[in-house]
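Close look at the chain arrangement
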Amino acid sequence: MRHPHDVELPVRVDRADPAPLPAQLVQQLRELVVSGALRPGDPLPSTRGLAARLGISRGSVVTAYDQLHGEGYLHATNGATVVHPDLARSRAEPPAARTGPRPPVARPRRARERPMIDLTPGRPDTGRLATPQWRAAWRDAAAAAGTGAPPPQGSEPLREQIAEHLRLMRGVVRDPGDLFVTAGARDGLQLLLAVLGGHAGRGLRVAVEDPGYPSLRRVPQRLGHEVLPVPIDDQGLDPARLPSGAWAGPGEWEIERPPDAVIVTPSHQYPLGASMPAARRLELLGWARAHDALIVEDDYDSELRYVGEPLPALSSLDHAPGAAPEPPAPGRLLGAGGHVATLGSFTKVLAPGLGVGYLLAPPALREELLRLRTDLGNPASAVAQDAMARFLAEGGLRRHTARMRREYRRRRDLLTAALAGVRGVRAVPMDGGLHAVLEFTGEVPFEEQDVVDRAAAAGVRVAALGSYWAHGARGARRGVVVGFGATGAAPQGEALPDALAVLARVLSAPGRGSGR
C-alpha cells in the first residue's frame with residue numbers, strides 16, 4: 001500500500017561505520033526528535049520508501065522503527081508512523097554528549113483547559129462563507145491560474161464588478177477606469193500618499209480621527225509624514241476642528257499649513273461608531289476644496305449596517321454622475337470634482353486573509369497612480385481577483401452580506417442584553433459593524449487595563465478603548481472594545497454567550513481601583 005506521506009528526512013548510513021545499520025538510523029532519528037527538527041505528530045517515511053532511498057534492506061528500517069517505538073519516540077496510527085504526539089521537545093544537553101538513549105519526556109497531563117475566546121474587534125465570522133457559490137468561484141479561478149499576471153490597475157472584470165457593487169450598495173456612480181484593485185486599505189493608502197508626496201515634493205501633513213483606526217494612522221507615520229490627530233464628536237470628525245491656522249488638538253500648537261490629506265471613516269467611525277450626517281459631509285468637502293486637500297474615505301465595513309440602509313459613500317457627493325471631471329486650476333493638485341479617494345476592502349465582510357480591496361481614485365490622480373502601480377506591480381493574486389469577480393457577478397457578496405447583517409445584529413442584541421444590568425457600563429449605540437464599545441460611565445471607577453487583564457485571565461480577550469487614541473492620549477472616555485465577529489473558538493458565534501457571561505462577571509466583580 002502506498003504510504004500517505006511522501007517524507008524525506010536528512011538521514012544517511014555509513015557502511016564503513018562499525019555500528020549496525022539499524023543502530024545508525026536509531027541514533028539519527030532520535031537526534032532529530034530531541035533537537036526539534038522532528039516534532040510531535042510529524043510523519044516519518046514508510047519503511048519501504050526509506051529503505052529504497054538509503055539502499056538498504058527494509059528489515060533494517062523496521063528494526064530501527066521498532067526500537068524507537070519501544071523507547072516511546074514513535075507511534076503507529078492509521079497505517080503511518082509518526083513522532084509520538086505526547087513527546088515534549090527536549091531542551092537538554094546536545095545529543096552528541098549522550099552515551100545512551102534518553103527516555104522521552106512526556107508532557108504533564110493538565111486539567112482540561114478552556115480555550116481562549118478572542119473578542120478583540122475587526123475580524124469577521126468566516127464560518128458561513130463556504131457556500132457552493134464561494135467554492136465554485138475559487139475552483140474555477142484556480143483552474144484558470146497561470147494565464148498571466150493581473151494588469152497593474154487590476155483585473156478588468158473585477159473592476160467592472162466593483163463599480164457595479166459601488167453603484168448598487170454605496171450610491172457611487174463611477175467608471176471602472178477610476179478603480180484600482182489593491183491588496184487592502186493600507187496598500188491603497190500607501191499608493192495615494194506616494195503620489196501626493198511626489199506632487200508636493202515634501203513630507204505631507206495627514207489629519208486623522210482621534211480616536212481612530214491605529215493601523216491606518218501608522219501608515220503615514222511609517223512613510224515619514226506628519227500625522228495630526230483631530231478630535232471627533234458624536235457625529236464623527238468635525239471640519240471646524242481641522243487646522244487652517246491655529247491647531248485645536250492636544251497642545252494647542254500653531255500650524256502654518258493645513259493638512260494635505262484627511263483620513264476619515266464617515267459611514268461608521270472607528271471605533272466609536274458615529275455616522276457623519278449629510279450637512280457635515282458637505283462641510284468637509286467644502287473645506288477640502290478650499291484648501292486643495294484630499295479626503296481619504298475609509299469605507300471599511302459600511303455594508304454591515306443593520307439599522308436602516310447603508311449610508312451613501314462620501315465619494316457620491318464629490319462627483320456628479322455623468323459630469324466630466326474638471327481639470328485642476330493652475331497651482332492646484334485636485335480638480336473641482338475630485339477631492340475624495342475611497343478605500344475599500346472585502347476583509348471585514350468576507351475574510352481577513354482574502355487580500356483584495358480597491359481604491360476609487362480622484363480623476364486628477366489616476367494617471368500618476370497608474371504609472372506608480374505599473375512600476376510596482378499589482379500585489380493582489382490573479383486567482384483571488386478572478387474568484388472575487390465571479391463571486392460578485394453571481395450576487396454572492398450581496399447575499400452573504402445580507403445574511404451576516406442579520407447575524408451580527410442578533411449578536412449585538414445578545415451583547416446588549418447580557419451586559420444591560422452591569423453597573424457603571426453602557427453599550428455605545430451603533431448602527432452596524434463587527435464590534436461594540438462598552439463605555440465606563442464613571443459610576444464605578446474601573447481601570448481599563450485591569451478589566452482587560454482580568455477578562456484575559458478568565459478566558460476572554462478584549463481591547464482597551466484608550467489604545468485607539470493617538471500618541472497615547474487617552475481622551476476623557478474609558479472602556480473596552482468587544483468584537484462579535486470571529487471568536488477564536490469553533491463553531492464561531494456559539495462561544496459568544498459564554499464569553500459575554502464571563503465579561504459580565506468580570507465587570508461586576510471588584511477589581512483594582514474599583515473601590516468595591
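Higher on the page you've got the structure.
Here the structure is a predicted model, which means the values were calculated and not measured.

1. Some details on the sheet that holds strand β6 (residues 226–233)
Taken in spatial order, the eight strands of this open sheet run β4-β11-β10-β9-β8-β5-β6-β7, and their pairing is mixed. Here the strands that pair on one side only, and so sit at the sheet edges, are β4 (179–182) and β7 (236–237). For strand β8 (residues 261–264) and strand β9 (residues 294–298), the ladder comprises four bridges, and the chain directions are parallel. In the strand pairing of β9, Ile 263 is matched with Val 296. Sitting on the sheet, helix α6 (residues 185–200) touches β4, β5 (205–210), β8, β9, β10 (340–345) and β11 (357–360), and the angle it makes with β10 is about 155 degrees.

2. Topic: the pairing of β4
Of the two faces of β4, both are covered, the one formed by Leu 179 and Val 181 as well as the one formed by Phe 180 and Thr 182. Sheet analysis places β4 next to β11, joined by four bridges and oriented antiparallel. Its bridge partner lying in β11, Val 181 is registered against Tyr 358.

3. Description of the nonpolar core
Phe 346, Leu 350, Met 388, Leu 438, Val 462 and Leu 507 are the most contacted members of the largest nonpolar core, which totals 60 residues. The element that contributes the greatest number of residues to this core is helix α14 (residues 496–508), accounting for eight residues. Among the nonpolar cores identified, the runner-up in size contains 27 residues, and Ile 232, Leu 237, Met 430 and Ala 463 belong to it.

4. Some remarks on empty space enclosed by the protein
Evaluation of the coordinates by the stated rule reveals five cavities of 30 Å³ or more. By volume, the largest cavity is sized at about 100 Å³. Listed by contribution, the elements that provide at least two residues to the lining of the largest cavity are β5, α7 (214–222) and β8. For the lining of the largest cavity, the residue count by class is six nonpolar, two polar and three charged.

5. Considerations on the sheet that holds strand β13 (residues 435–440)
Read from one edge to the other, the open sheet built from four strands follows the order β12-β13-β16-β15, with strand pairing classed as antiparallel. At either margin of the open sheet sits one strand with a lone partner, and together these are β12 (425–427) and β15 (463–464). Alignment of β13 against strand β16 (residues 479–483), held across five bridges, turns out to be antiparallel. By the bridge assignment for β16, Leu 438 is matched with Val 480. Strands β12, β13 and β16 of the sheet are contacted by helix α12 (residues 396–418), whose axis makes an angle of about 20 degrees with β13.

6. Quick notes on helix α8 (residues 278–291)
Here α8 is 14 residues long and its end C-alpha atoms lie 20 Å apart, about the 20 Å a rise of 1.5 Å per residue gives. Buried within α8 are the following residues: Arg 280, Arg 281, Leu 284, Leu 285, Trp 287 and Ala 288. On an axial view of α8, the arc spanned by its buried residues comes to 155 degrees, and they lie on one face. Opposite the buried face of α8, by more than 90 degrees, sit the exposed residues Ala 278, Ala 279, Leu 282 and Ala 290.

Thresholds applied
Residues numbered from 1 in each chain as written. Predicted model: local features only at pLDDT ≥ 70, side-chain atom pairs only at ≥ 80, totals over all residues. Heavy atoms only, no water. Pairing = 2+ DSSP bridges. Helix = DSSP H or I, 4+ residues; strand = E, 2+ residues; numbered from the N terminus. Contact = heavy atoms within 4.5 Å. Axes fitted to C-alpha atoms, helices over the stretch in contact; angles between N-to-C directions. Buried < 20%, exposed > 50% of the residue type's maximum accessible area, 1.4 Å probe, protein only. Core = buried A, V, L, I, M, F, W, Y, C linked by side-chain atoms within 4.5 Å. 1 Å grid on protein atoms, 1.4 Å probe; cavity = no way out; pocket = protein on both sides within 12 Å on 5 of 7 lines; lining within 4 Å. Points joined across faces, edges and corners; volume = space filled by probe spheres on them. Nonpolar A, V, L, I, M, F, W, Y, C, P; charged D, E, K, R; others polar. Expected span 1.5 Å × (residues − 1). Arc of directions from axis to C-beta.

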